[in-house]
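Chain and residue survey
The primary structure of each chain is shown beneath.
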Amino acid sequence: MNANGAAAQAQQPKRVGRLDGVRALCALGVAAVHTSFAAGVMGAYTAEPGNEVLATLLAGLRPLALGPFFVLSGMLLYRPFARWTLTGSERPRIGTFLAKRLARLWPAYILLALVCVFLLNYDAVDGPWYVLRPILMLQVYDYTWIAGMDPAWTVPAEMQYYLALPVLAVLMHWLAGRVSDPVKKARRMMIPPAVITVASAVWTYWIHRPQMGVYPQEYWWPFAVGGAFALGMAMAVVHVLAEIKPHDKPALYRIAARRPLLLAGAALVIYAVNCTQPFGRPGYGDYEGVGLAVTQYFLLLAFSYVVVMPLSIPEAKSRVIDAIVANPVSRYLGRISYGIYLWHFAIMYFWFETGSVFGTQPALMQQLRGTISFPELMSAVLIGSIAAATVSHYLLERPIVAAVGRWARRKEAASAAASAPASPSRQDHVLTR
């Protein structure tokens, strides 16, 4: 590693508490949207909203609350690869990278899958493949509905972008290797994220055409969220460029660092625009038409950028923002936000008492709409999801992540020792043998 690479890594904080806080808000936002639909607050097709004001406010979070999750993944995971290209530091090891990602994503997901399959959907089990399909994250391709795992379609998408990231990193490194100036390198590195963003927009248009019907099988494939992941990768390039050019930081970085509240205000404006559901109906959770889907695609990208960018810059100080996302409660909920996201739908089925464990076939949420009040269901979802996420985090996820982290450190240390030049005495001994 050269001096620039070492300095860049030294400047990078290990963890940013504010990013935990925004994860918490997004997970709770997704849970609130789904709960409001199940409780009859949000309208759907011929069913009018139960509370127009609350339905409009919650529908405005759809799908904006999902965006920051993918942007954060793209930004945080690609940043070491961006340093490799822009600073000449050592390339991240692909094996340990993938092992850590698998340890972070898979255990909690498998636990959810086993609980949902054997407690809620046991009567639907028709062979080993029914159980293996969700565990291998393949249920999204021949879309198989498994009650309780309804929001977990994003997990296979996340995993597949983890697999694609090293390939994209090599491609971006190759593109940047043809020039020496860091700014020119950064511009070339932006080409693949830009292509992915455009391709995802085209995919979003294609799957929402009227002839595709409502929620076609392709809707659950990972391509539609590619733009958010690519945006995170582009933001990682901006961050690393700011690290190696501290006196000439990119304009996007400088604005976010100096005016974090300005970007927070922009996020509120984008959210307000989405509350109007352009080309759609405010307060409804209908399947989006082409106009609304494409508009929301770009609103999601803009919203995710103005939310995540200032929070990821250490010098972007704001007491107001920190009070919201950096307080102890937000940071704790952020640490278990993956579990909250995974479990909130399953908790609803258990609260409705529908599924194999209750002696019934799991009912569709459309059939259950309005049978329980929103305050009751939201309270159950919050308590149940936080409890399940806490147990999963401390008894399953954290021990596995820690064990894989120790393995990765030993492997990296052994590799570094093997590649280090031998000491003079050692060299002499080798030469005399």
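The text that follows walks through the structure, step by step, so that each part is easy to find. (Residues numbered from 1 in each chain as written. Predicted model: local features only at pLDDT ≥ 70, side-chain atom pairs only at ≥ 80, totals over all residues. Heavy atoms only, no water.)

Topic: the packing of aromatic side chains
Taken as a whole and judged by the stated rule, the model has 22 aromatic pairs. Note on Trp-203 and Trp-206: the rings are 5.4 Å apart at their centroids and 35° apart in plane angle, and the pair reads as tilted. Here Trp-203 and its partner Trp-206 are both found in helix H9 (residues 191-207), three residues apart, which amounts to about one turn of the helix. Taking 5.0 Å as the distance between ring centres and 85° as the angle between the ring planes, the aromatic pair formed by Tyr-297 and Phe-298 counts as edge-to-face. Under the relative-accessibility criterion, Phe-298 is labelled partly exposed at 44%. Connected via pairs of aromatic rings, a cluster forms that spans Tyr-143, Trp-153, Tyr-215, Tyr-219, Trp-220 and Tyr-287. For the cation-ring pair, Arg-91 lies above Trp-84, with the distance from its terminal atom to the ring centre recorded as 5.9 Å. The ring of Tyr-284 has Arg-281 sitting right over it, with the charged end atom 3.7 Å from the ring centre. (Phe/Tyr/Trp six-rings, centres within 6.5 Å; stacked < 30°, edge-to-face > 60°. Helix = DSSP H or I, 4+ residues; strand = E, 2+ residues; numbered from the N terminus. Buried < 20%, exposed > 50% of the residue type's maximum accessible area, 1.4 Å probe, protein only. Lys NZ or Arg CZ within 6 Å of the ring centre and 35° of its normal.)

Description of the pattern of salt bridges
Here the structure, examined in full by the defined rule, presents nine salt bridges. When the shortest N-O distance is used, the salt bridge between Asp-322 and Arg-18 registers 3.8 Å. Here Asp-322 is found in helix H14 (residues 319-325), whereas its partner Arg-18 is found in helix H2 (residues 17-38), with 304 residues between them in sequence. (Salt bridge = Lys/Arg side-chain N within 4 Å of Asp/Glu carboxyl O.)

Some points on helix H5 (residues 94-120)
Residues that lie three or four places apart on an α-helix share one face, since the helix turns once every 3.6 residues. Between the first and last C-alpha of H5 there are 37 Å, a value that for 27 residues agrees with the 39 Å anticipated at 1.5 Å per step. The sharpest bend along H5 measures roughly 30° and falls at Trp-106, with the proline Pro-107 sitting one to four residues further on. (Expected span 1.5 Å × (residues − 1). Bend = angle between axes of the 7 residues up to and from the residue.)

So, the packing of helix H11 (residues 251-258) against helix H13 (residues 290-311)
Helix-helix packing is described using two parameters, namely the angle between the two axes and the distance between the axes. Where H11 meets H13, the closest approach of the two axes is 8 Å, and the angle between their N-to-C directions is 75°. Relative to H13, H11 is oriented roughly perpendicular. Residues Leu-252, Tyr-253 and Ala-256 of H11 lie in contact with H13, whose contacting residues are Tyr-305, Met-309 and Pro-310. Of the residues belonging to the contact of H11 with H13, the class tally is six nonpolar, no polar and no charged. (Axes fitted to C-alpha atoms, helices over the stretch in contact; angles between N-to-C directions. Parallel < 35°, antiparallel > 145°, perpendicular 65-115°, else oblique. Contact = heavy atoms within 4.5 Å. Nonpolar A, V, L, I, M, F, W, Y, C, P; charged D, E, K, R; others polar.)

Overview of the side chain of Gln-139
Relative to the helices and strands, Gln-139 is located in the loop between helix H6 (128-135) and helix H7 (154-176). Given the relative accessible area of 5%, Gln-139 is considered buried. Once residues within four sequence positions are removed from consideration, Gln-139 is found in contact with Tyr-109, Arg-133, Pro-134, Thr-144, Met-149, Ala-152 and Pro-156.

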